[in-house]
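Secondary and tertiary structure notes
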Amino acid sequence: MPPTWYRFTLQAIASAVTVVSAGLLVALGYLGRFVRPTSDDWCALWKTRDMGVFGITKDFYETQNGRIANAFVSGLVDVDGVTGMKLLPAFLVVTFGVGMVLLLRELSILIGWRVPLFLLTAIAGVTEVLLFAAAQNPYQALLWAPATISHTLPIVIALWTVALALWCGRSGRSWVRGVSLGVAVLVGFFLGTLNEPFVVIGGLAAAAAGLLVLPWFRFVRRWYAFAWCVAACVGLIAGYAVLFTSPGAQWRRAQNPDAAPLLSAANLQGSYHDWLKVVHILAAQWTYLAAVAIGLAVGLLVTGRASDEGDVDSERPRPVLFLKVVAFLMPIPVVLVASFVIILGVRQGYGPTGWTYYRTWFSFVAPMVFTLCAYGVVAGRALRRVLESRAGSRALVGGLVAATLAAAFAFAGVVSLTPRVENLHDAATTRAAKWDKQNSRINKQAAAGATTVSYRPLNIANLAEPFYTSVYSRDWVAACTAKWYDVDRLKRLR
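Everything numeric in this text was worked out from a predicted model, so none of it was measured. (Residues numbered from 1 in each chain as written. Predicted model: local features only at pLDDT ≥ 70, side-chain atom pairs only at ≥ 80, totals over all residues. Heavy atoms only, no water.)

Right, let's get into the side chain of D78. One can find D78 in helix α4 (residues 68–78). The side chain of D78 is buried and forms no salt bridge, while K47, the nearest opposite charge, is found at 11 Å. (Helix = DSSP H or I, 4+ residues; strand = E, 2+ residues; numbered from the N terminus. Buried < 20%, exposed > 50% of the residue type's maximum accessible area, 1.4 Å probe, protein only. Lys, Arg positive; Asp, Glu negative; His and termini not counted. Salt bridge = Lys/Arg side-chain N within 4 Å of Asp/Glu carboxyl O.)

In structure tokens, the structure reads:
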């Protein structure tokens, strides 16, 4: 048992990081109060109101893009007008954080580590702040419902699903594991019709993990883990097949008949250059190193021994060194390949500027941050063993000093994002005030029988507003906005 002073210092370090992370997350969740419709919101709002939740789901399948799960969730969010989109950011912040803590707890039990809850919350807090506040476009990463439903929500669902799978894996009841396999198929199908980029990263990750957890490689002794990965892949593939073959997806592909074939030399070369731009942008952001730092701190501080719980097999020999190295390095090619395929897809769908659709980055940036954090933990554990072998009784103090420095770096990385949150607050609150005033005026005019109303575009986060194009007949945002207000046409107010 570590001495009292050690436990107190440990808790103080983790608490400081957790408090500042939680403060920024509370501020980000609170900003949902100032979210107002823009771009795709306008279409989702009037379709949900006029068609209902199942009506908009059918509409997406038949005429839009085939994303039936996406449409269903959008309908649930917009069923009460703008209320749902205001509450969604806070919901995502809470469910993301809790899901990550649960997953980390299950992983620590699986490996046999004793990790105090406040260390788990420190990791979850730093990771979440990096994903939301350090995003290229924080508004789209957390506050804009169409983007968060498509790209943020799948990661949240994946966290909870994997945590459930690990918990079921520790169960001694076979029927519990059977239920977990069924859940994996259903959730995979749901995610497969929610968002194409997640199918790429989720499918690659599940396939890679499935290969590693084959009992022959001695990481596990049972077939449950492999069966779960297969079930998840089956669900994802089935869901994506429904999406891809839907009338809506076929219609969408037909809108860009001049697009080069997906695997043409020109498209591959252009996507590669776009991918390099993305890698350069991400590599230039030092704040992502905070994920490594907090992982390093936790790796230095955790204690534990091999556990007999879950799939840990104390009788059979451990995997050979080569397989351990493969398992350690596997996340790198998974993230790199998935990010390239996602960039290739958005370039195919949106043209040469597709890589700038930052909301799609969340699907591979989240696994990237998770990987950085995991590597930090492994490095911290290795450094602790070195200290214990060479420093003797001073290992405790040396590890604590190193952990404090690493936690301080993570703390600095989180604090450095405060100005971005403040700027986001200023932009959201300013737009909300202007939007409320304009919305009140338009509603009064529409109620009085007006068929044409004036609208001033209120742009935010590089999202489309009415009059984004000079040709009104091609202005789908203006058309959806007019339908929401029950008028025939909008007139630009300068």
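Here the narrative resumes, following the displayed structure.
Looking now at empty space enclosed by the protein. This model, assessed by the stated rule, comprises two cavities of 30 Å³ or more. One number sums up the size of the largest cavity: a volume of about 110 Å³. Lining the largest cavity we find L131, A135, Q136, N137, A141, L282, Y288, Y358, R359, W361, F362 and V365. Per-class residue counts for the lining of the largest cavity are nine nonpolar, two polar and one charged. In this structure, the second largest cavity occupies an estimated 50 Å³ of space. As for the second largest cavity, its lining consists of I13, A14, V17, L119, A122, I294, A297, V298, L301 and A407. No other element matches the four residues that helix α14 (residues 289–301) contributes to the lining of the second largest cavity. (1 Å grid on protein atoms, 1.4 Å probe; cavity = no way out; pocket = protein on both sides within 12 Å on 5 of 7 lines; lining within 4 Å. Points joined across faces, edges and corners; volume = space filled by probe spheres on them. Nonpolar A, V, L, I, M, F, W, Y, C, P; charged D, E, K, R; others polar.)

Counting residues in each nonpolar core, the largest one holds 122 residues, and the members touching the most others are L28, F96, Y139 and V365. Excluding its chain neighbours within four sequence positions, the residues that come into contact with V365 are L131, L282 and Y288. Among the nonpolar cores identified, the runner-up in size contains 12 residues, and V213, V220, Y224 and A231 belong to it. (Core = buried A, V, L, I, M, F, W, Y, C linked by side-chain atoms within 4.5 Å. Contact = heavy atoms within 4.5 Å.)

Purely geometric stuff here, so don't read any function into it on its own.
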